[in-house]
Amino acid sequence: MTEAITMLNPDFPFSYDHYLAHPAGLGSIPDAAHGTEVAIIGAGLSGLVTAYELMKLGLKPVIFESEQIGGRLRTAGFLGAPEVTADLGGMRFPVSGRAFYHYVDKLGLATAEFPNPLSAATSSTVIELAGESHYATTEAELPEFFHEVARAWRAAVNDGASFTQMQDAIRARDTARIKELWNALVPELDEQTFYGFIAASKAFKEAGFGHREAFGQVGFGTGGWDTDFPNSILEILRVVYTDADDAHRSIVGGAQRLPEALWEDAPSNPVFWPEGTSLKSLHGGTPRGAVAKIARAADGSLEVTERWGKVRRFPVVISTCQSWLLSTRINTEESLFAAPMWTAIERSHYMQSSKTFVMVDRPFWKDIDPATGREVMSMTLTDRLNRATYLLDDGPDKPAVILLSYTWNDDALKWLSLDAEERVELMLHSLAQIYPGVDIASHIVSAPITVSWEADPNFMGAFKANLPGHYRYQQRLFTHFDQADLPESQRGIFLAGDDVSWTAGWADGAVTTALNAVWGVVKHVGGAAAPANPGPGDKLAEYGPMTLD
């Protein structure tokens with residue numbers, strides 16, 4: 001039986017899902033270290049996974065959070081109907097993300113197929129480009145032009161990036177082959193943009209500009225990718241090799257349920273702590289507040305100062321917030337990181353992202369137009385302002401949700417100065433050009449919910465996406481958890497979070513970098529991974545990311 005694709009990252013093909021599932025566990029620490037407090041900055045998914053696993057090993061996580069539990073797994077309820085929800089950050093999670101689903105399954109959270117364009121959960125899709133609409137219930141119903149675009153993309157990644165060979169190696173978990181293929185591509189492609197890669201490919205050259213333009217507008221898998229065109233092609237390959245762009249599921253009740261469940265869960269058989277201990281109980285029900293300063297104390301410990309002045313000292317600090325915050329929101333002592341690490345932190349390139357949701361009285365889009373025999377409205381991909389419109393429902397005759405617009409980068413910045421109602425008005429105007437006979441506004445029954453992640457001072461962007469030439473920076477950030485070669489003055493502060501991972505923007509990266517930090521902390525306090533279950537740091541030298549230059 002052929003194994004399914006997983007998010008086995010080509011830069012570091014460590015099987016985190018196997019590591020999590022191993023009966024030997026994630027390691028152990030000396031008895032003398034039990035109960036030691038460890039500071040964790042950020043109560044997003046990465047911070048909570050780190051805290052949860054360290055608690056199970058007998059340490060005492062102390063979580064600092066500036067706003068709310070969940071980070072970018074943030075779910076909002078509509079006014080008057082809190083059970084009807086909108087996922088403002090992460091909302092769709094590829095089934096290839098096995099480390100992420102380890103926790104989803106462990107905590108008993110239900111999932112449902114996400115209604116991506118032309119997926120089985122989407123009854124119909126409309127692609128509207130240059131004023132012309134194309135209605136389809138399956139990919140086969142699309143005009144030949146779109147099939148030509150898809151074939152050109154498949155040819156481009158096979159000819160220029162060994163796509164089929166890499167997927168075969170990932171399915172087999174053949175780490176040697178993965179590294180052989182990837183290490184040959186990294187020096188060649190590190191300085192290449194996504195657009196430069198497709199424009200230089202034989203398939204897209206022969207197809208012509210119109211095919212490249214359509215590829216950017218409607219793309220493959222989840223929609224258009226032109227807002228990613230300036231990014232490194234390596235970023236895109238990491239996504240498509242691992243099927244992160246396909247087969248998505250959502251968490252029933254909202255993505256925030258996962259970090260909340262980690263906060264509240266009492267794992268069985270914890271080391272040191274009594275049965276029934278949870279992160280919530282260790283914190284008396286609420287995390288500590290926002291962090292204002294991190295510095296090295298005279299005794300060698302790390303001093304954490306909260307926003308309102310309280311100071312505490314810890315042997316270890318794990319920062320899981322977006323890395324820019326270490327220089328913009330948190331006064332971080334410069335000597336805690338080497339100058340090249342600060343360069344890597346500062347050069348992080350974040351993607352802007354905007355979403356606007358409305359609640360409607362029912363999933364009216366499934367009504368059939370008697371003149372055409374089609375649904376009156378569909379999941380929509382367009383070159384208009386909205387770019388992508390998703391239709392989310394929980395059955396007939398119940399309130400439903402329309403994600404009117406999901407945009408990135410320049411498209412997201414177009415909405416930044418507008419309030420929620422102004423955004424909705426413009427979005428409805430665009431949709432009226434595609435569906436002239438449908439009165440969407442008459443179905444709206446609650447105040448809209450909107451977010452622009454770049455405007456949030458605790459995030460300043462949705463997630464990182466490396467530009468060409470950034471491989472070296474990412475390598476520094478990712479491998480920092482192995483601190484054996486660092487001077488004493490730079491040890492004890494760890495980085496985690498999806499922007500430290502090779503797959504920024506995917507929750508699996510938040511989980512895997514959390515597990516890296518757990519390994520690093522265990523080693524720092526004198527512990528080790530189980531001999532039968534070596535951890536990520538134990539395998540870093542064997543098949544870790546290559547070094548350029």
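A few points on the structure.

The rules behind these values
Residues numbered from 1 in each chain as written. Predicted model: local features only at pLDDT ≥ 70, side-chain atom pairs only at ≥ 80, totals over all residues. Heavy atoms only, no water. Helix = DSSP H or I, 4+ residues; strand = E, 2+ residues; numbered from the N terminus. Buried < 20%, exposed > 50% of the residue type's maximum accessible area, 1.4 Å probe, protein only. Pairing = 2+ DSSP bridges. Axes fitted to C-alpha atoms, helices over the stretch in contact; angles between N-to-C directions. Expected span 1.5 Å × (residues − 1). Contact = heavy atoms within 4.5 Å. Parallel < 35°, antiparallel > 145°, perpendicular 65-115°, else oblique. Left-handed = near helix turned anticlockwise from the far one by under 90°. Nonpolar A, V, L, I, M, F, W, Y, C, P; charged D, E, K, R; others polar. Core = buried A, V, L, I, M, F, W, Y, C linked by side-chain atoms within 4.5 Å. Salt bridge = Lys/Arg side-chain N within 4 Å of Asp/Glu carboxyl O. Lys, Arg positive; Asp, Glu negative; His and termini not counted.

At Ala130, a position not held by glycine, the phi torsion is positive, near 50 degrees. You can see Ala130 is positioned in the loop between strand 7 (125-129) and strand 8 (132-136). Residue classification places Ala130 among the exposed positions, given a relative accessible area of 74%. Although it is not a glycine, Ala247 sits at a positive phi angle of roughly 50 degrees. With respect to the helices and strands, Ala247 occurs in the loop between helix 10 (233-241) and strand 9 (248-251).

Attention now goes to the sheet that holds strand 13 (residues 317-319). Judged by pairing direction, the sheet is parallel, and its 4 strands sit side by side in the order 2-1-13-22 without closing on themselves. Of all the strands in the sheet, the pair left with one neighbour each is strand 2 (60-64) and strand 22 (493-495). Sheet twist, expressed as the mean angle between neighbouring strand axes with direction ignored, is 25 degrees. Two elements, strand 1 (residues 37-41) and strand 2, share 5 bridges in a ladder whose sense is parallel. Paired with Ile41 across the strands is Phe64, a residue of strand 2.

This part covers helix 2 (residues 45-56). Think of an α-helix as turning once every 3.6 residues; residues three or four places apart then point the same way. Between the first and last C-alpha of helix 2 there are 17 Å, a value that for 12 residues agrees with the 16 Å anticipated at 1.5 Å per step. Counting buried positions along helix 2 yields 11 of 12 residues, so the element is predominantly enclosed. The complete set of buried residues in helix 2 reads Leu45, Ser46, Gly47, Leu48, Val49, Thr50, Ala51, Tyr52, Glu53, Leu54 and Met55. Phi for Gly58, located one or two positions after helix 2, is positive at around 105 degrees.

Spatial ordering of the open sheet is given by 8-7-17-18-19-16-20, a layout of 7 strands whose pairing is mixed. Strands with a single pairing partner mark the edges of an open sheet, and in this sheet they are strand 8 and strand 20 (449-452). Taking each pair of neighbouring strands and ignoring which way they run, the sheet shows an average axis angle of 15 degrees. Both strand 7 and strand 17 (residues 379-382) contribute to a ladder of 4 bridges, which runs parallel. Following the sheet pairing, Thr125 is matched in strand 17 by Met379. Docked against the sheet, helix 9 (residues 209-218) engages strand 7 and strand 17, running at close to 135 degrees with respect to strand 7.

Looking now at the packing of helix 14 (residues 339-346) against helix 17 (residues 471-479). Two elements in contact, helix 14 and helix 17, have axes separated by 9 Å at closest approach and are oriented at 110 degrees. Classified by the interaxial angle, the pair formed by helix 14 and helix 17 is roughly perpendicular. Helix 17 is crossed by helix 14, and the crossing has left-handed handedness. Only Tyr473, Arg476 and Leu477 of helix 17 make contact with helix 14, whose side of the interface consists of Pro340, Met341, Thr343, Ala344 and Ile345. The residue makeup of the contact of helix 14 with helix 17, split by class, is 6 nonpolar, 1 polar and 1 charged.

Soluble globular proteins tend to pack their nonpolar side chains together in the buried interior. Counting 133 residues, the largest nonpolar core has Leu45, Phe100, Trp153 and Ile318 as the members making the most contacts within it. The element that contributes the greatest number of residues to this core is helix 18 (residues 507-524), accounting for 10 residues. With residues up to four places along the chain from it excluded, the contact list for Ile318 reads Val38, Ala39, Ile40, Ile41, Thr50, Leu54, Phe494, Ala496, Ala517 and Val521. One finds Ile41, Phe64, Val291 and Leu477 within the second-largest nonpolar core, a separate group that totals 24 residues.

A few words on the packing of helix 2 against helix 18. Contact pair helix 2 / helix 18: the axes reach a minimum separation of 8 Å and the direction vectors enclose 40 degrees. Taken together, the axis directions place helix 2 and helix 18 in an arrangement best described as oblique. In terms of crossing hand, the pair formed by helix 2 and helix 18 is right-handed. Between helix 2, through Leu45, Ser46, Val49, Thr50, Glu53 and Leu54, and helix 18, the contact on the second element is made entirely by Ala507, Ala510, Val511, Thr513, Ala514, Leu515, Ala517, Val518 and Val521. Residue composition of the contact of helix 2 with helix 18, by class: 11 nonpolar, 3 polar and 1 charged.

Enumeration according to the criterion identifies 28 salt bridges in this entry. A salt bridge links Arg384 to Glu128; the nearest nitrogen and oxygen atoms lie 2.8 Å apart. Taken together, the positions of Arg384 in the loop between strand 17 and strand 18 (388-392) and Glu128 in strand 7 put the pair 256 residues apart, joining distant regions of the chain. On the basis of relative accessibility, which here comes to 27%, the residue Arg384 falls in the partly exposed class. Overlapping salt bridges, with partners in common, bring together Glu3, Asp17, Arg98 and Arg173 in one network.

For Glu65, the location among the structural elements is in the loop between strand 2 and strand 3 (75-78). The side chain of Glu65 sits in the buried core without any salt bridge; Arg74 is the nearest counter-charge, 6.6 Å away. With residues near it in sequence (within four places) discarded, Glu65 still touches Gly42, Ala43, Gly44, Pro287, Arg288, Gly289 and Ala290.

Take it as geometry only, folks, not as evidence of what the structure does.
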